[in-house]
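Fold and contact review
Spelled out from the first residue to the last, the chains are:
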Amino acid sequence: MMDGNKLEELRVLVEFLKANGIAEFDMEQDDLKVRIKFAGEPATAAAGGFDMAQLSRLMASAPAAAPAGAAPSAAAQLADELEEKLHEVKSPIVGTFYESPSPGAPPFVKIGDQVEVGQVLCIVEAMKLMNEIESDVAGEVVRRIASSGQPVEYGQSLFAIRAR
């Protein structure tokens, strides 16, 4: 669960990315991994006035940047969605995460897909064995947390599903 300071930093980050026309952003900081991708906006290079020093200063001053009585915005709605109680499908083994059955094939599930209990969500390869990971809840896939081709740990969250 994210604390209030982390959520406030995320709100400020989203506003900064929108203001600078950045359509896609990945960040890893301590135990926090963030991947933001704005749908329907053209992808722009990070060159347009965006630099990491500016972002670092912004993140360092995040709690002071937003007034307490600020009106709800798209960033606030995003943070509220993050706070929503979503079911997380976790890896039952250590291995390599794959979102599709083979390279170039479509993923088992996409964000927004409705899934049923027992439906295959992904594969975790361990010791040359392909282990199909199934959904243990029916609902809508809200977020894919793991990246295809990347190692995952036992108990690591792979997907967030809004149970119905």
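The shown structure was predicted, so the numbers you read here are calculated from the model rather than taken from an experiment. (Residues numbered from 1 in each chain as written. Predicted model: local features only at pLDDT ≥ 70, side-chain atom pairs only at ≥ 80, totals over all residues. Heavy atoms only, no water.)

Some remarks on the nonpolar core
Rules: In this description, a nonpolar core means a group of buried Ala, Val, Leu, Ile, Met, Phe, Trp, Tyr and Cys residues linked to one another through side-chain atoms lying within 4.5 Å. Type-normalised accessible area, obtained with a 1.4 Å probe on protein chains alone, sets the label of each residue: buried when under 20%, exposed when over 50%, and partly exposed for intermediate values. Only DSSP runs of H or I reaching four residues or more are called helices, and only runs of E reaching two or more are called strands; each is numbered from the N terminus. Pairs of residues are marked as contacts when any of their non-hydrogen atoms sit within 4.5 Å.
Within the largest apolar cluster, 15 residues are counted, with the highest numbers of intra-cluster contacts made by Phe97, Leu121, Leu158 and Phe159. Those elements that provide at least two residues to this core are β6 (120–126) and β10 (157–163). The residues touching leucine 158, leaving out its near neighbours within four places in the chain, are Val89, Lys90, Ser91, Phe97, Cys122, Val124, Ile133, Arg143, Arg144, Ile145, Ala146 and Val152. Core analysis: the second largest hydrophobic core is formed by 11 residues, Leu10, Leu13, Leu17 and Phe25 among them.

With respect to the packing of aromatic side chains
Going by this rule: Each Phe, Tyr or Trp ring, with Trp reduced to its six-membered ring, pairs with another whose centre is within 6.5 Å; inter-plane angles below 30 degrees give stacked pairs, above 60 give edge-to-face pairs, and intermediate values give tilted ones.
Inspection of every chain in the model, using the stated rule, returns one aromatic pair. Between the aromatic rings of phenylalanine 97 and phenylalanine 159, the centroid separation amounts to 6.0 Å while the plane-to-plane angle is 55°, which identifies the pairing as tilted. Highlighted residues: phenylalanine 97 in strand β4 (residues 95–98) and phenylalanine 159 in strand β10, separated in sequence by 62 residues. The same class applies to phenylalanine 97 as to phenylalanine 159, namely buried.

Re the sheet that holds strand β8 (residues 139–144)
Whenever strands of a sheet pair, they do so through backbone hydrogen bonds, lying parallel or antiparallel. For the record, the criterion: Strand pairing follows a simple DSSP-based rule, namely that at least 2 bridges must link the two strands.
If you walk across this open sheet you meet the four strands as β3-β10-β8-β5, and the pairing is antiparallel. Single-partner strands in this sheet number two, and they are β3 (87–90) and β5 (114–115). Here five bridges tie β8 to β10, and the two strands are oriented antiparallel to one another. From the neighbouring strand, valine 141 faces β10, where its bridge partner is isoleucine 161.

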